[in-house]
Every structure is written in structure tokens, then in C-alpha cells.
Amino acid sequence: MTEPLDVERIRKDFPILGRTVRGDRPLVYLDSGATSQKPLAVLDAERAFYETSNAGVHRGAHQLAEEATEVYESSRAAVAGFVGAHADDVVFTKNSTESLNLASYAFSNATAKAAFSADAVDPRFVLRPGDSIVVTQMEHHANLVPWQEVCAKTGAELRWIGLTDDGRLDLGELDRIVDVTTKVVSVVHQSNILGTVNPVARIMERAKAVGALGVVDASQSVPHLQVAVADLGADLVAWTGHKMLGPTGIGVLWGRREVLEAMPPFITGGSMIETVFMEHSTYAAPPKRFEAGTPMVAQAVGLAAAVRYLEDLGMDNVAAHEHMLAGYALERLAALRGVRVIGPTQNVDRGSAISFVVDGIHPHDVGQFLDDRGVAVRVGHHCAWPTCRRFGVPATTRISPYVYNDTSDIDVAVEGILAAQNFFGV
Ligand SMILES: Cc1ncc(COP(=O)(O)O)c(C=O)c1O
């Protein structure tokens, strides 16, 4: 049983939502797919850390250093608990982009090292011409460009799972695309542009069947759904803090213990070593191996506060609230003449991010029109340019609500679209 979110009460926790924009227009924030707003609990947690316990972590023999280390590591445990994981399997990064680069560099770095010493690396990470990497046609650039780079450095071939006209993965060809040559399958859980929630467990199962490593980009699912990383069947799962009420500057890469232990490091330097000699070094066990340099302690503390806030709301309640908003928005958009949703129009296996185009009006003009009325939406290719091309559109307008939105926000956006159509005479 889910309980409805008390949006009026929630909004009081987000000071920014009380401001006006473009003169005296109340802010209607429908751009949480880009970044979410932050509740006071997150702002307070970061401030309290700096006011009371700030110090370098994992080094120094004074009380503040001990306290800072304790809050950093307990934040890791809180974030791990949020996705049903063990703290040691959670690596803090800067954002999803860095998490996915950490994953992809493991392959190009291992391949480069193997040219000199095959024994030094786990063969699962070594790629050669004839190998393949599989993504989908709905990836955010963060889960596409890094794999293109790996292919360019190793000679592996990039393949992708195409899309159906209603914005879902065309899985009919899955077994042909993911075959014995495949070494990595990296797919998005919930699309930032289409809103589609993909059956990643099924895709990961196929990856496992051919001996490939499986990676999931969960940037748009962990903030919106109850996700237990183990259930995805992946080896590595990436997401980002700022889309789930947390601060900017912190992301996560979860990994299966055995896979993290086999992975070469990405960024090297201090804090990630075991021993250092002039000629060579050995590396610490994960997660420290992947956290070189001074980590983002205050941001980890802020992310843990965000996790507690979401847990208090209940992720099932959050998902149900967004499902209700998605259904309402899809219905209202369907009733508008000349508006086409790019992505699933049925409110099944989809999130609340909804992209659309309006006949005769460029998405940027729609966005500007909405902005004049205080409505913040995202316009453009949403870092998913190939997806836009697949649907024959240069760009879309996207609404992406979250826990602090209700149906009245959708109404204001719909009135704005109608006003734009009137203004442009379409
Ligand atoms: C699906 C998806 N993957 C990756 C990213 C990249 O996240 P970040 O910019 O925090 O690295 C985003 C951000 O929009 C996203 O929506």
C-alpha cells in the first residue's frame, strides 16, 4: 500500500520553490530530470559538517579527522543501504558521468596494460578487434561517448539495441546483437529523454549468458524508483547525487565485489594506494582504489541526508506519486491539438519525464514561452542526440516533475503550451 505524498508540506522544505522568477511569476519547477532542488535537511547537513567536523578523511591523528572519516564512511553506508547494497561496494565519484568513465576506462586501461604484461590484468577487461560493446539508442551521451572512446582505443565494435516507434527498446534482436563477441553491455535503466523504464534485468541476463560484463546507468531510476542494485543483475551500476535531492559534485558507482576487486583504477594518486616505491605502486582495495585524492566529504554527507529524506517519504510513495503525475500529464498532453509525445504514451514502464514536440513551434520557443510564465522545463537534445535523430526531431521540450510537484504544476505548463500555440497562430 502506498500513501499519497503531502506535496504542500514537502514544498516547505525547499526554500527555492518559494521564489518568483521573470518578475512576479511563482516558480513552477519541472526540470528535475536535469537536476533536483535540495531540501533544507541537505543544506543543513553540509553546513553542520563544515561547522563541526571538517577535516581531511582517512589520514591525520586528531579528533576532527576521526569524526570526518566517521561521517564520510557512515554516509557511504547510508547511500549503500538506500539501494540494498554493502558499503564496501559503493564508490563515490563526482557524478554519473565520472562513474561511467570509471567503468569504461577499466577496459581501455586494462587493454593498454595488457600490451606490456598480460598477467597484470583481468582478461575480462581486455578488448581486441573482433570484440563488441553493446549500448542502446536511448543512451545519455554519458553512457555512449565513453564507450565510443573505448572502441576507438581498442578496436572493439560498438553495437546498439534500436528503438520502437513508441520509444521502447526493440528487444527482438537482443540475442543477435549481444553475442559471443560481446564483452560489455551498458544500458540505461530509465531514459532521461523518453521516460522509458527498460527491462534491464532481462538484458543483463543475456549479457551474463555470453560472459559479458553488465553496466546499468541508473541516473534517472535511483532518484525515482525503489531500486535494489542486486536485482538489476548488473556488475556495475552508476548514478548521480544531484538528481535525487542531493548536492552537486557527488555520484556513485556500485559494483559487484568481485568485479570491483578485478578492476584497474581510473584516477591515480594519493589515498588510493597500498604501497608506493619509486618504480611502481600497489593499490588499495575497493572502494578506496577508485577514490584518489581528497574526496567530496561534505557532498557525501549531503547525499546521505537526501537519502534519509527520500526514505522518510518512502520510495514506493515517491514512485506512485510520479506515476500519478505522469498519467495526468500524458492525458492532458494527449488532449492538446498538434502536440506529440516522444516516448511511451501509455503510462506503463515509464517514469514521469515526458518529452514532446509542438507542431509549428520550435522546442526552444516553447521553453521560452513557458519560462516567461515561470515554468522551468528543459529544451534541446537532452544529451541524447541519437535518440532525437531516431524520432526525426531536432530537439524536444521535456517536463520532469518530482516529489514537490503536483497536478497544478502540470496545468500551468499545459496553459503555457496553449498560450504559445495561440501566440504563434498554430
Ligand atoms: C540517464 C542519464 N545518464 C547520465 C547522466 C549524467 O549525469 P551527470 O551529469 O550527473 O553526470 C544523466 C544526466 O542528465 C542522465 O539523465
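Structural data are supplied above this passage.
For the structure given in this document, a descriptive report is provided here.

1. Digging into the packing of helix 12 (residues 363-372) against helix 14 (residues 407-424)
At a minimum axis distance of 9 Å, the contact between helix 12 and helix 14 shows a crossing angle of 120°. By the angle between their axes, helix 12 is oblique relative to helix 14. Like other packed secondary-structure pairs, helix 12 and helix 14 cross with a definite hand, here right-handed. Of the residues in helix 14, those touching helix 12 at Asp365, Phe369 and Leu370 are Ala413, Gly416, Ile417, Ala419, Ala420, Phe423 and Phe424.

2. Quick word on the sheet that holds strand 5 (residues 132-136)
One open sheet accounts for 7 strands, arranged 4-10-9-8-7-5-6; its pairing is mixed. Strands at the two margins of the open sheet, each flanked by one partner only, are strand 4 (90-93) and strand 6 (157-161). In this sheet, neighbouring strand axes are inclined to one another by 20° on average, regardless of whether the strands run parallel or antiparallel. Looking at chain direction, strand 4 and strand 10 (residues 251-255) are connected through 4 bridges and run antiparallel. Note that in strand 10 the partner of Thr93 across the bridge is Gly251.

3. Some details on the packing of aromatic side chains
One pass over the full model with this rule turns up 12 aromatic pairs. Between Phe369 and Phe423, the ring centres sit 5.4 Å apart and the planes meet at 50°, which makes this aromatic pair tilted. Pair noted here: Phe369 is in helix 12 and Phe423 is in helix 14, with a separation of 54 residues, a long-range link. Relative accessible area serves as the criterion here: at 16%, Phe369 is assigned to the buried category. On the accessibility criterion, Phe423 (61% relative accessible area) is exposed. Grouped by ring-pair contacts, the aromatic residues Phe14, Tyr29, Tyr309, Tyr402 and Tyr404 constitute a single cluster. Above the face of the Phe391 ring, Arg390 is positioned so that its terminal group lies 4.9 Å from the ring centre.

4. Concerning the sheet that holds strand 13 (residues 339-342)
Pairing within the open sheet is antiparallel, and its 4 strands lie in the order 13-14-17-16. In this open sheet, the two strands that pair with only one neighbour each are strand 13 and strand 16 (378-380). Sheet twist, expressed as the average angle between the axes of neighbouring strands with direction ignored, equals 30°. Bridge count for strand 16 against strand 17 (residues 396-399) is 3 bridges, and the pairing is antiparallel. Across the sheet, the residue bridging to Arg378 is Arg398, located in strand 17. The sheet contacts of helix 11 (residues 315-334) involve strand 13, strand 14 (354-358) and strand 17, and relative to strand 14 the element is tilted by about 10°.

5. Digging into the pattern of salt bridges
One pass over the full model with this rule turns up 19 salt bridges. The residue Asp89 makes a salt bridge to Arg257 at a minimum N-O spacing of 3.4 Å. On the criterion of sequence distance, the pair formed by Asp89 in the loop between helix 3 (63-82) and strand 4 and Arg257 in helix 9 (residues 257-262) is long-range, its members being 168 residues apart. You can call Asp89 buried: its relative accessible area is 11%. Arg257 sits in the partly exposed class, given a relative accessible area of 26%. Glu258 is the partner of Arg124 in a salt bridge, and the nearest nitrogen-oxygen pair spans 2.5 Å. Highlighted residues: Arg124 in the loop between helix 4 (96-114) and strand 5 and Glu258 in helix 9, separated in sequence by 134 residues. A relative accessible area of 26% means that Arg124 is categorised as partly exposed. Relative accessible area serves as the criterion here: at 35%, Glu258 is assigned to the partly exposed category. Salt bridges sharing common partners tie together Asp122, Arg124, Asp235, Arg256 and Glu258.

6. A short note on the site of the ligand
Neighbouring the ligand are 13 residues, the closest being Thr97, Asp217, Gln220, Thr240 and Lys243. Between an oxygen atom of the ligand and a side-chain N or O atom of Asn95, the distance comes to 3.5 Å. In this structure, Thr97 approaches the ligand through a side-chain N or O atom, which is 2.5 Å from an oxygen atom. In the complex, 90% of the free accessible area of the ligand, which totals 390 Å², lies under the protein chains.

7. Quick notes on the pairing of strand 17
Because side chains alternate across strand 17, one face comprises the buried residues Thr396 and Arg398, and the other comprises Thr397 and Ile399, equally buried. Note: strand 14 against strand 17, 3 bridges, orientation antiparallel. If you follow Phe356 over to strand 17, its bridge partner there is Thr397.

8. Quick notes on helix 12
Among the residues of helix 12, Pro363, Val366, Gly367, Phe369 and Leu370 are the ones counted as buried. Along the axis of helix 12, the buried positions cluster into a sector of 160°, meaning they face one direction only. Residues of helix 12 that are buried in the fold lie against strand 14, strand 15 (375-376), strand 16, strand 17 and helix 14. Following helix 12 by one or two positions, Gly374 adopts a phi angle in the positive range, close to 90°.

Rules used throughout
Within each chain, residue numbers correspond to sequence positions counted from 1 in written order. Reporting of local features is limited, given that this is a predicted model, to residues whose pLDDT is at least 70; pairs of side-chain atoms are given and counted only at 80 or more, and all residues count toward the totals for whole chains, interfaces and linings. Excluding hydrogens and water, the side-chain figures rest on all heavy atoms present in the structure. The axes are straight lines fitted to the C-alpha atoms, using for helices just the contacting stretch, and the angles between their N-to-C directions are given from 0 to 180°. Here a helix means four or more residues in a row that DSSP labels H or I, a strand means two or more in a row labelled E, and each is numbered from the N terminus. Any angle that falls under 35 degrees is termed roughly parallel, while one over 145 is termed roughly antiparallel, one within 65 to 115 roughly perpendicular, and all others oblique. The handedness criterion is simple: a crossing whose near helix is rotated anticlockwise from the far helix by less than a right angle is left-handed, and one whose near helix is rotated clockwise is right-handed. The contact definition used throughout considers only heavy atoms, calling two residues in contact when any of these lie within 4.5 Å. Strand pairing is assigned whenever DSSP detects at least two bridges linking the two strands. Between the rings of Phe, Tyr and Trp (Trp by its six-membered ring), a pair exists once the centres lie within 6.5 Å; its type follows the angle of the planes, with under 30 degrees stacked, over 60 edge-to-face, and the other angles tilted. Accessibility here uses a 1.4 Å probe with only protein chains present; expressed as a share of the type maximum, an area under 20% marks a residue as buried, one over 50% as exposed, and anything in between as partly exposed. Two limits define a charge over a ring: the Lys NZ or Arg CZ must be within 6 Å of the ring centre, and within 35 degrees of the ring normal. Basic side-chain nitrogens of Lys or Arg form a salt bridge, by our definition, when they fall within 4 Å of a carboxyl oxygen of Asp or Glu. Throughout this document, a residue counts as near a molecule or strand when at least one of its heavy atoms sits within 4 Å of that molecule or strand. Any pair of nitrogen or oxygen atoms within 3.5 Å is treated as a polar contact; in protein, a donor-acceptor pairing is required on top of that, and neighbouring residues in sequence qualify only through side-chain atoms on both sides. Per-residue and other accessible areas were derived by the Shrake-Rupley procedure at a 1.4 Å probe size, with only the shown protein chains allowed to occlude residues. To be clear, the arc concerns the directions from the helix axis to the C-beta atoms.

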